[in-house]
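Structural features, examined
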Amino acid sequence: MTETGQYVSSQEVFGLLLQHLLFSREINGAVAKTISSTRMTDLLCQQAGVKLYETPVGFKHISRKMLSNGVVVGGGKRWDRV
């Protein structure tokens with residue numbers, strides 16, 4: 001929730017965290033996201049010039065990509081939590 005009581009979705013939270021890591025902390029490693037994630041992640045990665053991997057839905061896919069490709073952050077949206 002915001003200070004005015006507005007709901008902040010998990011996609012928006014991930015975008016805010018990613019923006020902080022890429023632009024404030026200047027972490028430039030690759031990012032992984034699921035196919036169900038928002039395009040906001042694509043745009044942030046493009047703007048920062050970092051590699052973006054897209055995986056099927058599921059933590060197991062994100063974690064495999066993170067372990068095998070040096071990904072520094074990964075996330076996605078679960079279909080059952082809309």
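One structure accompanies this document, and this report is about it. A quick note: this is a predicted structure, and the numbers were derived from the prediction, not measured. (Residues numbered from 1 in each chain as written. Predicted model: local features only at pLDDT ≥ 70, side-chain atom pairs only at ≥ 80, totals over all residues. Heavy atoms only, no water.)

Once that is clear, we can look at the side chain of Thr-55. With respect to the helices and strands, the residue Thr-55 is situated in strand 2 (residues 52-55). Overall, the relative accessible area of 3% leaves Thr-55 in the buried class. With near-sequence residues (within four places) excluded, Thr-55 lies in contact with Lys-33, Thr-34, Ile-35, His-61, Ile-62 and Lys-65. (Helix = DSSP H or I, 4+ residues; strand = E, 2+ residues; numbered from the N terminus. Buried < 20%, exposed > 50% of the residue type's maximum accessible area, 1.4 Å probe, protein only. Contact = heavy atoms within 4.5 Å.)

Time to look at the environment of Met-66. Topologically, Met-66 is positioned in helix 3 (residues 59-69). Take Met-66: its relative accessible area is 24%, and that puts it in the partly exposed class. Each C-alpha atom of the pair Met-66 and Val-31 lies 8.1 Å from the other, and the pair is 35 residues apart in sequence. Excluding anything up to four places from it in sequence, Met-66 contacts Val-71, Val-72, Val-73 and Gly-74.

Once that is clear, we can look at the sheet that holds strand 3 (residues 71-75). Spatial strand order, 2-1-3: three strands in an open sheet with parallel pairing. In this open sheet, the two edge strands, each paired with only one partner strand, are strand 2 and strand 3. On average, each strand axis in the sheet is tilted by 20° relative to the strand beside it, whichever way the strands run. Pairing geometry for strand 1 (residues 30-34) and strand 3, over four bridges, is parallel. Within the sheet, the bridge partner assigned to Ala-30 lies in strand 3 and is Val-71. Across the sheet, helix 1 (residues 10-24) is in contact with strand 1 and strand 3; its angle to strand 3 comes to roughly 165°. (Pairing = 2+ DSSP bridges. Axes fitted to C-alpha atoms, helices over the stretch in contact; angles between N-to-C directions.)

One pass over the structure, following the stated rule, counts two salt bridges. Lys-33 is the partner of Asp-42 in a salt bridge, and the nearest nitrogen-oxygen pair spans 2.7 Å. Where Lys-33 meets Glu-54, a salt bridge forms, and the shortest distance between an N and an O atom there is 3.5 Å. Taken together, the residues Lys-33 in strand 1 and Glu-54 in strand 2 connect sequence positions 21 residues apart. A relative accessible area of 3% places Lys-33 in the buried class. Connected through shared salt-bridge partners, Lys-33, Asp-42 and Glu-54 make up one network. (Salt bridge = Lys/Arg side-chain N within 4 Å of Asp/Glu carboxyl O.)

With 15 residues, helix 1 should cover 21 Å at 1.5 Å per step; its first-to-last C-alpha distance of 20 Å lies within 8% of that length. Considered for burial, the residues of helix 1 that qualify are Gln-11, Phe-14, Gly-15, Leu-18 and Leu-22. Within helix 1, the buried residues cover an arc of 100° as seen down the axis, which keeps them to one side. Across helix 1 from its buried face, at more than 90 degrees, point the exposed residues Leu-16, Leu-17 and Ser-24. Residues of helix 1 that are buried sit in contact with strand 1, helix 2 (39-48) and strand 3. (Expected span 1.5 Å × (residues − 1). Arc of directions from axis to C-beta.)

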